[in-house]
Amino acid sequence: MLLLLPPSETKRDGGDEAPLDASRLRFPALGASRVELVQAVVSLASDDAATIAALKLGPKQHGEIARNRALTTSATMPAIDRYTGVLYDALDASTLTDDARAFAAEHLVIQSALLGPIGGLDPVPAYRLSHDSRVPGIVLRRHWATDAAAELAARSGLLLDLRSEGYTALAPLPVRRDAVFLRVLTEAADGKRRALNHFNKQAKGRFTRAVLEAGVDFGTAEDLLEWGSDAGWRLEWHTADCVRPASGPEELALIV
């Protein structure tokens, strides 16, 4: 099983591991693409005005330029510790047990705009790049989608996608029965359901933590649904009758 998360715009400073080494990251076949994009972002960072425009930085975010200049020389830390924000605050990686972190190392993947899909414990620097950033000479979706999607497709077992749609486009799921997108919804008293924003991210973080703590390598979506029911999570097929579709996109709903 792979559990796929989006990254976060915000990142923790510092780190106590060696500078970025693309060969140490998961999915090493993406190494050349990673190096190319990192070099392009470092080069872009030599021009403050161009970086501000390309990354859509506000006046209080200009410190991100220095982070990008130092991409190849700054210290790194595990990805789940680097990212902050609502989802990662709810995940609270620093308080996970050693067993849960070991499970994350094997089964958690984060979709970085800069580095493509990376392992949850892969060592990464602080940086600024989003799925919709404009890097001169590189279209991020075109840069990542084909090769990154092939890496996911080559992985057997359940692929559970908690990424936002902008990041899903950088490495689309394969069309198969064990590749499933998860939507977080709330249900009103009249039964109507709607998507969430802030609480969507929080729920994804809490759910991810629960999966890591459970430490179960789910083989199928049905296995996940059975576990969720026992663990107090309301998981259903995202269809009108809550039954798995015979064909078409596979989607689960997490009702919170």
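Residues numbered from 1 in each chain as written. Predicted model: local features only at pLDDT ≥ 70, side-chain atom pairs only at ≥ 80, totals over all residues. Heavy atoms only, no water.

**With respect to the overall build of the protein**
Then, in step 1: Looking only at helices and strands, the protein features 10 helices and 10 strands.
Then, in step 2: Here the protein has a C-alpha radius of gyration of 18 Å; the compact-globule value for 256 residues is 18 Å, and the two agree.
Then, in step 3: With the C-alpha coordinates of the protein rotated into their principal frame, the extents come out at 55 × 35 × 30 Å.
Then, in step 4: Here the protein, with 256 residues, has 53% of them falling under the buried criterion.
Then, in step 5: Taking contacts inside the protein between residues at least 6 apart in sequence as the whole, the part at least 24 apart equals 68%.
Then, in step 6: Accessible surface, the protein as shown: approximately 11500 Å² in total, 52% of it carbon and sulfur.
Then, in step 7: Within the protein, one finds 29 positive and 34 negative side-chain charges whose respective centroids are separated by 6 Å. (Helix = DSSP H or I, 4+ residues; strand = E, 2+ residues; numbered from the N terminus. Rg over C-alpha atoms; globule rule 2.2 N^0.38 Å. Buried < 20%, exposed > 50% of the residue type's maximum accessible area, 1.4 Å probe, protein only. Contact = heavy atoms within 4.5 Å. Areas by Shrake-Rupley, 256 points an atom, 1.4 Å probe, with all protein chains shown as cover. Lys, Arg positive; Asp, Glu negative; His and termini not counted. Charge placed at Lys NZ, Arg CZ, Asp CG, Glu CD.)

**A closer look at the pairing of strand β10 (residues 251-255)**
Consecutive side chains along a regular strand alternate between the two faces of the sheet.
Then, in step 1: With 5 of 5 residues buried, β10 is to be regarded as a mostly interior element.
Then, in step 2: Covered by surrounding structure in β10 are Glu251, Ala253 and Ile255 together with Leu252 and Leu254, the residues of both alternating faces.
Then, in step 3: With 5 bridges joining them, strand β7 (residues 179-187) and β10 adopt parallel strand pairing. The partner of phenylalanine 181 across the bridge, within β10, is glutamate 251.
Then, in step 4: Where strand β9 (residues 234-237) meets β10, 4 bridges bridge the pair, whose relative direction is antiparallel. Across the sheet, the residue bridging to arginine 234 is isoleucine 255, located in β10. (Pairing = 2+ DSSP bridges.)

**Remarks on the pattern of salt bridges**
Then, in step 1: Inspection of the entire model under this criterion finds 19 salt bridges.
Then, in step 2: The partner of arginine 69 in a salt bridge is aspartate 48, and the shortest N-O contact between them spans 2.3 Å. With arginine 69 in helix α3 (residues 63-69) and aspartate 48 in helix α2 (residues 48-55), the pair connects residues that are 21 residues apart, well separated along the chain.
Then, in step 3: Residue class for aspartate 48 comes out partly exposed when judged on its relative accessible area of 37%.
Then, in step 4: The salt bridge involving glutamate 64 is made with arginine 67; its shortest N-O contact spans 3.4 Å. Highlighted residues: glutamate 64 and arginine 67, both in helix α3, separated by 3 residues, approximately one helical turn.
Then, in step 5: Note on glutamate 64: relative accessible area 12%, which makes it buried.
Then, in step 6: Arginine 67 sits in the buried class, given a relative accessible area of 16%.
Then, in step 7: Within this structure, Glu9, Asp13, Glu64, Arg67 and Arg128 form a network of salt bridges that share partners. (Salt bridge = Lys/Arg side-chain N within 4 Å of Asp/Glu carboxyl O.)

**Quick notes on the nonpolar core**
Then, in step 1: Membership of the largest hydrophobic core comes to 73 residues, with the highest contact counts inside it found for Leu37, Leu114, Leu129, Leu160, Phe207 and Leu224.
Then, in step 2: When residues of this core are assigned to their parent elements, the largest contribution, 5 residues, is made by helix α9 (residues 198-214).
Then, in step 3: The contacts of leucine 160, once residues within four sequence positions are left out, are Leu2, Leu3, Leu4, Val180, Leu182, Phe207, Leu224 and Leu252. (Core = buried A, V, L, I, M, F, W, Y, C linked by side-chain atoms within 4.5 Å.)

**Quick look at the side chain of arginine 163**
Then, in step 1: Its place among the elements puts arginine 163 in the loop between β6 (159-161) and α8 (165-168).
Then, in step 2: Residue arginine 163 is classed as buried on the basis of its relative accessible area, which comes to 1%.
Then, in step 3: A distance of 2.8 Å separates a polar atom in the side chain of arginine 163 from a polar atom in the side chain of aspartate 161.
Then, in step 4: A distance of 2.9 Å separates a polar side-chain atom of arginine 163 from the backbone oxygen of alanine 171.
Then, in step 5: Once residues within four sequence positions are removed from consideration, arginine 163 is found in contact with Leu4, Leu5, Pro6, Gln111, Leu152, Thr168, Ala171, Leu173, Phe181 and Lys204. (Polar contact = N/O pair within 3.5 Å; in protein donor to acceptor, adjacent residues only side chain to side chain.)

**Things to note about the layout of surface pockets**
Then, in step 1: A volume near 520 Å³ is recorded for the largest pocket.
Then, in step 2: Along the wall of the largest pocket there are 26 residues; nearest its centre are Pro6, Ser164, Asn200, Lys201 and Lys204.
Then, in step 3: Going through the elements one at a time, α5 (86-91), α8, β7 and α9 are the ones with two or more residues in the lining of the largest pocket.
Then, in step 4: Considering every element that reaches the lining of the largest pocket, the biggest residue donor is β7, with 5 residues.
Then, in step 5: When the residues that make up the lining of the largest pocket are grouped by side-chain class, the tally is 13 nonpolar, 7 polar and 6 charged. (1 Å grid on protein atoms, 1.4 Å probe; cavity = no way out; pocket = protein on both sides within 12 Å on 5 of 7 lines; lining within 4 Å. Points joined across faces, edges and corners; volume = space filled by probe spheres on them. Nonpolar A, V, L, I, M, F, W, Y, C, P; charged D, E, K, R; others polar.)

**Focus: helix α6 (residues 98-107)**
Working note: α-helix, 3.6 residues per turn, so residues spaced by three or four point in the same direction.
Then, in step 1: Within the span of α6, buried status applies to Ala100, Arg101, Phe103, Ala104 and His107. Buried residues of α6, seen end-on, are gathered within an arc of 155° and therefore sit on one face of the element. In α6, the exposed residues that point more than 90 degrees away from the buried face are Asp98 and Asp99.
Then, in step 2: Packed against the buried residues of α6 are β1 (2-5), β2 (77-78), α4 (79-82), β3 (108-112) and α9. (Arc of directions from axis to C-beta.)

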